[in-house]
Each structure stands twice: as structure tokens, then as C-alpha cells.
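Take a look at the letters that make up each chain.
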Amino acid sequence: MSTESKLQPIRGMNDILPSEIAYWQHLETTARALFAEYGFQEIRVPIVEHTSLFKRSIGELTDIVEKEMYTFADRSGDSLTLRPEVTAGLVRAMISNGLLHNQRQKVWCMGPMFRHERPQKGRYRQFHQIDVEAFGFAGPDLDAELILLTARLWQRLGIQRVTLNINSLGTPQSRQAYREILRNYFSRHREQLDEDSVRRLEGNPLRILDTKNPAMAELVAAAPLLTDYLDDESALHFKILRHHLDAVGVPYVVNPRLVRGLDYYTRTVFEWVTTELGSQDAVCSGGRYDGLVAQLGGDSTPAMGWALGEERIIGLMQVQGIQVQTQQPDVYVVLVGEGAEAVGLKLSEQLRSQLPGVRIETNCGGGSFKSQLKRADKSGARYALILGDSETEQQVIGLKSLRSDEPQVHVSWDQLVAELRQRVA
Ligand code: ATP
Ligand code: MG
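**Student:** Now, about the domain arrangement of the protein chain: what can you tell me, with residues and values included?
**Tutor:** Here the protein chain is described as being made up of domain 1 (21-170 + 230-319) and domain 2 (331-423). The straight-line distance from the C-alpha centre of domain 1 to that of domain 2 is 48 Å.

In C-alpha cells, the structure reads:
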């Protein structure tokens, strides 16, 4: 086959097949339920935004903006970008819809994100995030609440052995002083910096701390600590957050090297990491961004959020052997013969009306009794209902257990709902 005729998805963008969907649904359903329990509401925002939004919020000198965005000119010549993350779009939506005037908002959102990275296990070009953001809360109680929500999500999903790293980045003012100290430090070791880091030295030396280049690990490890330059208020904020986490009993590691890849963070940042997914160790990360709303033109509003990578969480569930319920029918209806087919479809509809929630799959596409029974078995159904022409004449149906030795019985049509309710409802 020529490359043109062989249809392939775009590199790094995956189909999620019915055979894998149970994990996705389980994760998303669990998260949705938890968000409602914590008082968060869903919001949906576009996948495409103006390129300038991401440049202004994420920061020009970040990996995302420098190398990872899918940016294109649309037919009117506007520069648009497929969202690499959703915080920027959410903040934009809060401002454009006037949702922040003297209001507090707690929202969540899920969907695909796009980054032009080198595809590898756990790192894709289209990937999916579940995202939570809260606007209008300045205090560390909210920071704690957001982190506690993540901890409970792992617990609900049965995920174990993930480590919570936390740090405080202080305020832009306190960071200013530290930035100079860091710039001096890296300038003194300029010959050890890679190309990206040299470029960031002037504009934003903090970004250098976030490098993934192993050749620079030692240099970064010996750099001065931001934590030593924290302003008093940020230090107090961080202390209260730790106190809340201690009180609830959520263990964490204070990691003064955690800076996070985006420019807009202030004070609290956190990341949940695992050692069980190879080099893609971050499964969920977030932080406070008190300055972003004003920076994008809204009323000054404190805010904080986090995002988890669905592919990585699902990968972790699989590595840890967590089983999820697959959607199998309860009942498979075998219909042999034309007369049976018409009656069977109608009977199945009546059952679905009277037994909502019970999964009833009718055999479509005909086939012999034997082949239909095979399909019934393969479907995973617990029971087969068997309707042939003789059953139709007598107004009965065969009820056969597919998972036990229970003998097959004939049930009259008017008894069927009661019989099924006993067994599967
Ligand atoms: P990493 O350090 O692995 O590149 P990141 O700091 O760029 O992660 P964030 O921007 O904080 O990640 O996104 C939040 C979460 O989204 C991450 O913790 C991770 O689980 C997931 N994630 C980020 N990029 C990808 C990707 N390309 N493919 C799959 N998941 C991703
Ligand atoms: Mg990244």
C-alpha cells in the first residue's frame, strides 16, 4: 500500500478504542462525582483560542510557547492555537462572561490538549486533562481543599504510591530579588548552560530550574533556593497550607526545586509524582496564580488550579493492576427466524421500558441459533433470552443462564419482567 492510501492517525494522537474506554469512563465518572461532592461546577470552553492569549498567560520563554504549540492562521488570517492547557482559556472565559465581579467560582473541565512534543509512552501530542480551577479565594484553605480533592481522587480510584511535592514560589516581588541572585549564579557558570538556558538567562532565569537536561542537573541542584528568599506573607501562607495537610493526614514532601513550567504561578505549587511510569513521572500538577486574571485584563482575582493527565493516570491504574467494570449486557436476546425477529425487537423494547438500567442487547444481523448463542456468550451477558418461531407461537421465551448451570426455563411473556427483575435488576 502506498503511504497515501494507508490511513494513519497523526503521530502522537491516539484513537481511544472501545476496548480501552472502560478506564476512561471510570476515571471521568469518578472525578465528576467527586467534583460535585466538593462543590465544583463544570464549564466547557473552546479548544481553539487566539495565540496571543497563550503567549500572554503561559509566558514567552516557556517550553510550551517556544516549541510545543499548534499554531496556525485561520482563513481570516488570525493566528489561532490549539489549547496546550486550559487554564488560559478558562480565565479568558471567566473574564469575557463577567463571572468574576465580586463572585467566587469553583469550576472543572475536561478534554483534549495539544502539544507538539516528542511522542513517547505517557507523552502525546493530543492528550487529555481533567482540570480544576477556583477563582476569588486568597487564603491557603483553598490551596488545601484543592490538594485534598486530588488525594481523595487517588483514593477513590485505588491509586497508591503517588508522592505529593509542594513548594511556594512567593510573590512576583519576592521572586524579583531571587531572580537576580539566580541570574548571577547561572552567569558565573555560563559555560555549563545549554542553548535554551542561555536564552532564558536574561529573560527568565527561573525557567532554567525547570530544565529536563540531565547534563545540567548538578548545576541546578547547587543553585540558590527560592525558599530562602520567600516574603513573610508567602511563608505564612505556605505554613498554614502545610498545617491543613498535616491535620488531615495527607503526606507531602516540601521540594524547594519545584518551580513548574508556566510563568503565571505565585505562592503554592504542587505536583503528584510516581516512579512507576518511567520518565513521565508527573501525573497531576497545579498551583496558585493570583496575578493572571488581572494580567489578562480582568478584575484582580486570586486563583488556583490543577490539571491531571488522563493518559498517565490510566497508565498508573493499569500498572497497579486496578480493575474497572466493563460494560457488558445483562441479557442477550437470541432471535431465530423472521417471525421471532419482529416480535423479539418489540419485546426487547417493552423490557427496556419496564427495566430501565438493565442492559438488554438484541441480536442484530440474524444467524443460526448456534452462532447467536455464541455471540450471546461472547458478549459477557449473564442471561440469554431465546425466541424462535415455536416460542413465538406459544407466547413464551427461553431464559438461559450463560454463567451457571441453572437449567433453562420457559417464561411466558407476561411473566418475563418479573422473572428478569429477580435475576438482574
Ligand atoms: P511534563 O513535565 O511531564 O512535561 P508538564 O509540567 O508539562 O508535564 P502540565 O502542563 O503541568 O505538565 O500538565 C498537567 C499534567 O498533564 C501533567 O502532570 C501530565 O500528567 C499531563 N501532561 C502534560 N503534558 C503531557 C503530554 N504531552 N502527554 C500526556 N500527558 C501530559
Ligand atoms: Mg511539559
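**Student:** So what's going on with helix 13 (residues 369-378)? Residues and values would help.
**Tutor:** Within the span of helix 13, buried status applies to Gln-372, Leu-373 and Ala-376. Here the buried residues of helix 13 occupy an arc of 100 degrees about the axis, which is enough to place them on one side. Facing away from the buried side of helix 13, by more than 90 degrees, are the exposed residues Lys-370, Lys-374 and Lys-378. On its buried face, helix 13 sits against strand 12 (331-335), strand 14 (383-387) and strand 15 (396-401). Two residues or fewer after helix 13 comes Gly-380, characterised by a positive phi angle close to 90 degrees.

**Student:** Just give me the short version of unusual backbone geometry, but keep the residues and values in it.
**Tutor:** The phi torsion at Arg-161 lies on the positive side, around 55 degrees, for a residue other than glycine. With respect to the helices and strands, the residue Arg-161 is situated in the loop between helix 5 (140-157) and strand 7 (163-168). For Arg-161, a relative accessible area of 53% gives the class exposed. Here the phi dihedral of Arg-267 falls at roughly 55 degrees; this positive angle occurs in a residue that is not glycine. Residue placement: Arg-267 occurs in strand 9 (residues 266-273).

**Student:** Pulling in residues and values, what's your account of the site of ligand 1?
**Tutor:** Neighbouring ligand 1 are 16 residues, the closest being Arg-115, Glu-117, Arg-123, Arg-260 and Arg-312. One nitrogen or oxygen atom from the main chain of Val-283 is found 3.3 Å from an oxygen atom belonging to ligand 1. Considered on its own, ligand 1 offers 580 Å² of accessible surface; in the complex 91% of this is hidden by protein. Of all elements in the fold, only strand 6 (126-135), strand 10 (282-288) and strand 11 (303-309) reach the threshold of two or more residues within the shell around ligand 1. With 4 residues, the single largest contributor to the shell around ligand 1 is strand 10. Per-class residue counts for the shell around ligand 1 are 6 nonpolar, 4 polar and 6 charged.

**Student:** Describe the packing of helix 1 (residues 21-38) against helix 11 (residues 310-319), and please don't skip the residues or the numbers.
**Tutor:** Relative orientation of the contacting elements helix 1 and helix 11 amounts to 110 degrees, with a least axis distance of 10 Å. Taken together, the axes of helix 1 and helix 11 are roughly perpendicular relative to one another. Across from Tyr-23, Trp-24, His-26, Leu-27 and Glu-28 in helix 1, the residues of helix 11 making contact are Glu-310, Glu-311, Ile-313, Ile-314, Met-317 and Gln-318. Per-class residue counts for the contact of helix 1 with helix 11 are 6 nonpolar, 2 polar and 3 charged.

What counts, and at which threshold
Residues numbered from 1 in each chain as written. Chains lettered and ligands numbered in written order. Predicted model: local features only at pLDDT ≥ 70, side-chain atom pairs only at ≥ 80, totals over all residues. Heavy atoms only, no water. Domains from an automatic or database assignment. Buried < 20%, exposed > 50% of the residue type's maximum accessible area, 1.4 Å probe, protein only. Helix = DSSP H or I, 4+ residues; strand = E, 2+ residues; numbered from the N terminus. Arc of directions from axis to C-beta. Contact = heavy atoms within 4.5 Å. Near = heavy atom within 4 Å. Polar contact = N/O pair within 3.5 Å; in protein donor to acceptor, adjacent residues only side chain to side chain. Areas by Shrake-Rupley, 256 points an atom, 1.4 Å probe, with all protein chains shown as cover. Nonpolar A, V, L, I, M, F, W, Y, C, P; charged D, E, K, R; others polar. Axes fitted to C-alpha atoms, helices over the stretch in contact; angles between N-to-C directions. Parallel < 35°, antiparallel > 145°, perpendicular 65-115°, else oblique.

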